[in-house]
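# Structural features, examined
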Amino acid sequence: MPKSADAPPKGVAHELAALRAAFAGMVPARTPDNLVIGTWNVRAFDRFTPKWRSTVGDSPIRDRSDVACLAEIVRCFDVIAIQEVRQSAQAFLAVLSLLGPDWAYLVTDVTKGQAGNNERLAFVFDTTRVRPSGLACELVVAADATGEGTTPLHAEQFARTPYAISFARGSALFTLVTLHVVYGKAPADRIAELTGIAQWLDRWAKQHDVWGGNLIALGDFNIDRVGDPLYQAFTSTGLRPPAPLNLVPRTVFDDPDPAAAPDHRHFYDQIAWFGGDTTSDALAGMQYRNAGMVDFVDRGIPAKDLTQLSWRISDHFPLWCEFGIVQ
């Protein structure tokens, strides 16, 4: 497994330096009065080929240089939710090794079954910037759960149960809830799960739970379009993503033009909270500042095409939100 002390070859070192420079212009610098939260679906985050450059015939194509690139992206955030960590988590753990001793992680066990896809949900965080504040849980549908009035909650258990961790930075306490909604055979297959998650979070936020005050949902919601039935289900109880996230592509295959035809843009990944579409102080002790994504396409990462890049790094772009906080 790569260690932080292992010096990369000169060519890889130059690529990493170029990436760091590019990312510095995409993600806010981490300062004493801010908090940078991210989310990223890393495609098939499992094994990697343990040499600096993979070659034709190597499986997986992801190599040590790619793992180092992944680490540079993760390093942009104070805390990041990562979806699609697989059973062995080999490449995931290699990234943590490269990040160094100030970084830590919390991860679920593997979700079994066809819908579960042998995936884990994870949080990676810089311990010099944030600290866990006590809560770690999965969102489980009670057998007799019903929503407000006659509106039923999601009748079945979530295929990949959302994972929640509470964190603190300065005087701000917040709970991050990460999830990966099952894609299904058709968009309609996702509506019930999205509605159930929205209702679950709404009830939690209204129960005056000590860890339910600053809920932020983030992850891969598999939402196709803003305003479509999936988006309406996701926002049905008041969750809102910040407006800038409506302008950025989600995958390396999406058209980067905000005016692109709907079939060429998706809104799979989201960061949202109650009141998140405004700059008002919807979160106690946290003032929303800005949001965006990290574009790693055409940044010098060796890949013959976008498909290969998606297996080396990911098919999804990381999203971020910056908040002001009081120390």
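For the structure itself, consult the block above.
Residues numbered from 1 in each chain as written. Predicted model: local features only at pLDDT ≥ 70, side-chain atom pairs only at ≥ 80, totals over all residues. Heavy atoms only, no water.

### Quick look at the overall build of the protein
Applied cut-off: A run of DSSP states H or I qualifies as a helix once it reaches four residues; a run of E qualifies as a strand once it reaches two. Both are numbered from the N-terminal end. Here the term buried applies to any residue with accessible area under 20% of the maximum for its type, exposed to any over 50%, and partly exposed to those in between, with areas from a 1.4 Å probe on protein chains only. Only heavy atoms matter for contacts: two residues are in contact if any of them lie within 4.5 Å across the pair. The Shrake-Rupley method, run with a 1.4 Å probe, gives the accessible areas here. Residue values count only the displayed protein chains as cover.
Counting its regular elements, the protein contains six helices and twelve strands. For the protein, the residues scored as buried account for 55% of the 327 residues in total. Excluding contacts between residues fewer than 6 apart, the proportion of contacts in the protein whose partners are at least 24 apart in sequence is 75%. Element-wise, carbon and sulfur atoms account for 55% of the exposed surface of the protein, whose accessible area totals about 13600 Å².

### Regarding the pattern of salt bridges
In plain terms, the rule: We define a salt bridge as a side-chain nitrogen of Lys or Arg found within 4 Å of a carboxyl oxygen belonging to Asp or Glu.
A complete count under the given rule lists 15 salt bridges for this structure. The salt bridge partner of Arg53 is Glu15, with a shortest N-O separation of 2.4 Å. Taken together, the residues Arg53 in the loop between β1 (34-45) and α2 (64-74) and Glu15 in helix α1 (residues 10-24) connect sequence positions 38 residues apart. By relative accessible area, which is 16% here, Glu15 ends up buried. Asp33 is paired through a salt bridge with Arg289; the nearest N and O atoms lie 3.2 Å apart. With a gap of 256 residues between them, Asp33 in the loop between α1 and β1 and Arg289 in strand β11 (residues 286-293) connect regions that are remote in the sequence.

### Points about unusual backbone geometry
Cis geometry is adopted by the peptide bond preceding Pro60, which originates at Ser59 and carries an omega value of 5°. Note on placement: Pro60 falls in the loop between β1 and α2. Unusually for a residue other than glycine, Ala44 sits at a positive phi of about 45°. The residue Ala44 is located in strand β1 in this model. We classify Ala44 as buried; its relative accessible area is 17%. Even without being glycine, His208 reaches a positive phi, approximately 60°.

### Examining the packing of aromatic side chains
Quick note on the threshold: Between the rings of Phe, Tyr and Trp (Trp by its six-membered ring), a pair exists once the centres lie within 6.5 Å; its type follows the angle of the planes, with under 30 degrees stacked, over 60 edge-to-face, and the other angles tilted.
Summed over all chains, the structure comprises 15 aromatic pairs. Both rings, one in Phe167 and one in Phe174, keep their centres 6.0 Å apart while their planes meet at 25°; by these two values the pair is stacked. Note on Trp273 and Tyr288: the rings are 5.7 Å apart at their centroids and 50° apart in plane angle, and the pair reads as tilted. Of this pair, Trp273 sits in strand β10 (residues 269-274) while Tyr288 is found in strand β11, placing the two residues 15 residues apart along the sequence.

### What about the sheet that holds strand β3 (residues 103-107)?
For clarity, the threshold we go by: Here, any two strands with at least 2 DSSP bridges between them count as paired. As a rule, the C-alpha atoms of each element are fitted with a line to give its axis, helices using only the stretch in contact, and angles between N-to-C directions run from 0 to 180 degrees.
Across the sheet, six strands lie side by side as β3-β4-β2-β1-β12-β11; this open sheet has mixed pairing. Across the chains shown, the open sheet's two edge strands, defined by having one partner strand only, are β3 and β11. On average, each strand axis in the sheet is tilted by 20° relative to the strand beside it, whichever way the strands run. Contacts from α2 reach β1, β2 (79-86), β3 and β4 (119-126) within the one sheet, and its direction differs from that of β1 by about 155°. Contacting β1, β2, β3 and β4, helix α3 (residues 90-99) runs over the sheet at an angle of about 155° to β3.

### Side note on empty space enclosed by the protein
Selection criterion: Grid points spaced at 1 Å and placed over the protein atoms alone form the basis of the search, with a cavity being a set where a 1.4 Å probe fits but cannot get out and a pocket an open set showing protein on both sides within 12 Å along at least five of seven lines. Lining residues have an atom within 4 Å of a point. Grid points are joined across faces, edges and corners, and a volume is the space filled by probe spheres set on the points. The classification used treats Ala, Val, Leu, Ile, Met, Phe, Trp, Tyr, Cys and Pro as nonpolar, Asp, Glu, Lys and Arg as charged, and all other residues, Gly among them, as polar.
For the coordinates displayed, the defined rule picks out one cavity of 30 Å³ or more. Space inside the largest cavity adds up to approximately 30 Å³. Lining the largest cavity are Thr108, Thr111, Glu119, Arg120, Leu121, Glu138, Arg160 and Thr161. Here the lining of the largest cavity gets three residues from one element, more than from any other, and that element is β4. Here the lining of the largest cavity is built from residues that sort into one nonpolar, three polar and four charged.

### With respect to helix α4 (residues 191-206)
What counts, and what does not: Expected span, for any helix, means 1.5 Å times one less than how many residues it has.
Its 16 residues place the ends of α4 23 Å apart at the C-alpha level, agreeing with the 22 Å of an ideal helix rising 1.5 Å per residue. Those residues of α4 not exposed but buried are Glu193, Leu194, Gly196, Ile197, Ala198, Gln199, Trp200, Leu201, Asp202 and Trp204. At the exit of α4 stands His208, carrying a positive phi of roughly 60°.

### A look at the sheet that holds β10
The six strands lie next to each other as β5-β6-β7-β8-β10-β9, forming an open sheet whose pairing is mixed. The outermost strands of the open sheet, each flanked by one partner alone, are β5 (131-138) and β9 (239-240). Looking at chain direction, strand β8 (residues 215-220) and β10 are connected through four bridges and run antiparallel. Bridge pairing in β10 places Asp220 opposite Asp269.

By themselves, these figures tell us nothing about what the structure is for.
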